[in-house]
Amino acid sequence: MPRLLPNWLEAYMAYTALSRSPDEFHLWTGIVTVAGAMRRKAWFNFDYFELFPNLYVVLVAPAGRCKKSTAMRIGRKLLAQVPGVNFTTDSTTRERLIVDLAAAHADGHSSMTAYASEFASLLTSSGMDMVAFLTDIYDCPAEWAHKTKMGGTNKIKAPWLNLFGGTTPDWIARSLPLDTVGIGLTSRIIFVYQDTPRIRKAFPKLTDDQKKLGELLLKDLVTISTISGQYVLTPDAEAFYEAWDLKNQTERAIDDPRLSGYYERKPMHVIKVAMVIAASRHDDPVLTKDDVEKALEILDRSEPAMARTFSAVGKNPLTLDIEQVLMALTMAKDEGISYGELLDRFKHSVRKDELSEVLDTLQLIGHVKAVSNEKGVRYFRVL
């Protein structure tokens, strides 16, 4: 079936333009949605292994901001109408996820997309067993087997799991052990951090053009779901990727060790996202130089904010408080906040001496300044 839209992702961004969720949240929702339609039917051959377009993406924002779930639901509503696409339940255990994936087997593969608007509930449902399973299944082995406590064996043939979640920096800081950040599961996840929603009307009304666009998006998503086969790079795309990959290996400087695992896997993320970008444009399993460049651009743009995901993770017991105070000062903008106001706001989590240490730390590293005026001393965020 011929495409109705020249670029599915660009059309999706136009369709979601009235939502308050940030652009990056809608972009990654679109990417996960296209990946969910593709399933295990498409792949890229690295000879030593096959790479599939499944992604683990987690939207991160402070609690109550940026409408993470709203962005996710728009994409899910479209994907749910595509024939043959399977979903997990919103809250599931490791055992249930294994059973559901095995039951999803059809046409030679067991493909499923998992939505977890509260990523914390997914991980904590089965503890480290869930973490280990998600880590194992990410690479889409030919078969995954597990012995049950009753002596039986659960098998999943050709598993493929696409994971989309939402969480807060606070949860990550409080629940993820420091020694698990940057390795294992977290190195396979693309964390998309935003803290500023778009300013939009309280009651958005889709235009007639946007309503029509929604219909076209669904029809083209169904067409995307029929893509199958091995993706290959055009000669100029291969030359570009090889040059970038060599530079990435030899010249990469990592400012934050907590992101080292992500950067090690970035070459694979580039190809995965490039497959999605190509699928959003055409049916041919071919990756052009433009597809690879666009994938790299999207990942590069997400990385500076990605570190904010783990900004409150560390050995310093005041790390989370430092981030929360900094966020409060950021939101105060030109008005600033007095010491007393900060103490009143954070009295549930820090003592007076701890708040003083937090403010001293932020001033020493140049993120906050204290200004005396007719209202007394007020603290301001330095941007």
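Caption draft 1: Just the packing of aromatic side chains, in detail. Applying the stated criterion across every chain yields a total of nine aromatic pairs. The interplanar angle of 15 degrees and the centroid separation of 5.1 Å between the aromatic rings of Phe 46 and Phe 49 together place this pair among those described as stacked. Of the residues examined, Phe 46 reaches a relative accessible area of 23% and is grouped as partly exposed. Three or more aromatic residues link up through ring pairs in this structure, and these residues are Phe 44, Phe 46 and Phe 49. Against the face of Phe 52 rests Arg 40, its NZ or CZ located 4.3 Å from the ring centre. Above the ring of Phe 87, the side-chain terminus of Arg 76 is found at 4.8 Å from the ring centroid.

Caption draft 2: Layout of the sheet that holds strand β8 (residues 189-193). An order of β4-β7-β3-β8 is seen for the four strands of this open sheet, with the pairing classed as parallel. Among the strands making up the open sheet, the edge pair consists of β4 (110-116) and β8. Strand-to-strand, the axes of this sheet are offset by a mean angle of 10 degrees, without reference to chain direction. One ladder, built from five bridges, connects strand β3 (residues 56-60) with β8; its direction is parallel.

Caption draft 3: Local environment of the packing of helix α1 (residues 8-15) against helix α3 (residues 68-79). Here α1 crosses α3 at 125 degrees, and the two axes come no closer than 12 Å. Considered as vectors, α1 and α3 are oriented oblique to each other. Pair α1 / α3 crosses with right-handed handedness. Within the contact between the two elements, α1 uses Trp 8, Tyr 12 and Tyr 15 and α3 uses Ala 71, Ile 74, Gly 75 and Leu 78.

Caption draft 4: Focus on the packing of helix α10 (residues 235-251) against helix α11 (residues 260-281). Between α10 and α11, the shortest axis-to-axis distance is 10 Å and the interhelical angle comes to 170 degrees. Here α10 lies roughly antiparallel to α11, going by the angle between them. α10 and α11 meet at a crossing whose hand is right-handed. Between α10 and α11, the contacting residues are Tyr 241, Trp 244, Asp 245 and Asn 248 on the first element and Tyr 263, Lys 266, Pro 267, Met 268, Val 270 and Ile 271 on the second.

Caption draft 5: Expanded view of the environment of His 109. Mapped onto the secondary structure, His 109 falls in the loop between α4 (94-103) and β4. A residue is classified by how much of its surface remains accessible, and His 109, at 8% relative accessible area, is buried. With 49 residues separating them in the primary sequence, His 109 and Ala 158 have C-alpha atoms 4.8 Å apart. Contact partners of His 109, with chain neighbours within four places excluded, come to Arg 39, Arg 40, Lys 41, Ala 104, Lys 157 and Ala 158. A distance of 2.7 Å separates the side chain of His 109 from the side chain of Ser 111, its partner in a polar contact.

Parameters and conventions
- Residues numbered from 1 in each chain as written.
- Predicted model: local features only at pLDDT ≥ 70, side-chain atom pairs only at ≥ 80, totals over all residues.
- Heavy atoms only, no water.
- Phe/Tyr/Trp six-rings, centres within 6.5 Å; stacked < 30°, edge-to-face > 60°.
- Buried < 20%, exposed > 50% of the residue type's maximum accessible area, 1.4 Å probe, protein only.
- Lys NZ or Arg CZ within 6 Å of the ring centre and 35° of its normal.
- Pairing = 2+ DSSP bridges.
- Helix = DSSP H or I, 4+ residues; strand = E, 2+ residues; numbered from the N terminus.
- Axes fitted to C-alpha atoms, helices over the stretch in contact; angles between N-to-C directions.
- Parallel < 35°, antiparallel > 145°, perpendicular 65-115°, else oblique.
- Left-handed = near helix turned anticlockwise from the far one by under 90°.
- Contact = heavy atoms within 4.5 Å.
- Polar contact = N/O pair within 3.5 Å; in protein donor to acceptor, adjacent residues only side chain to side chain.

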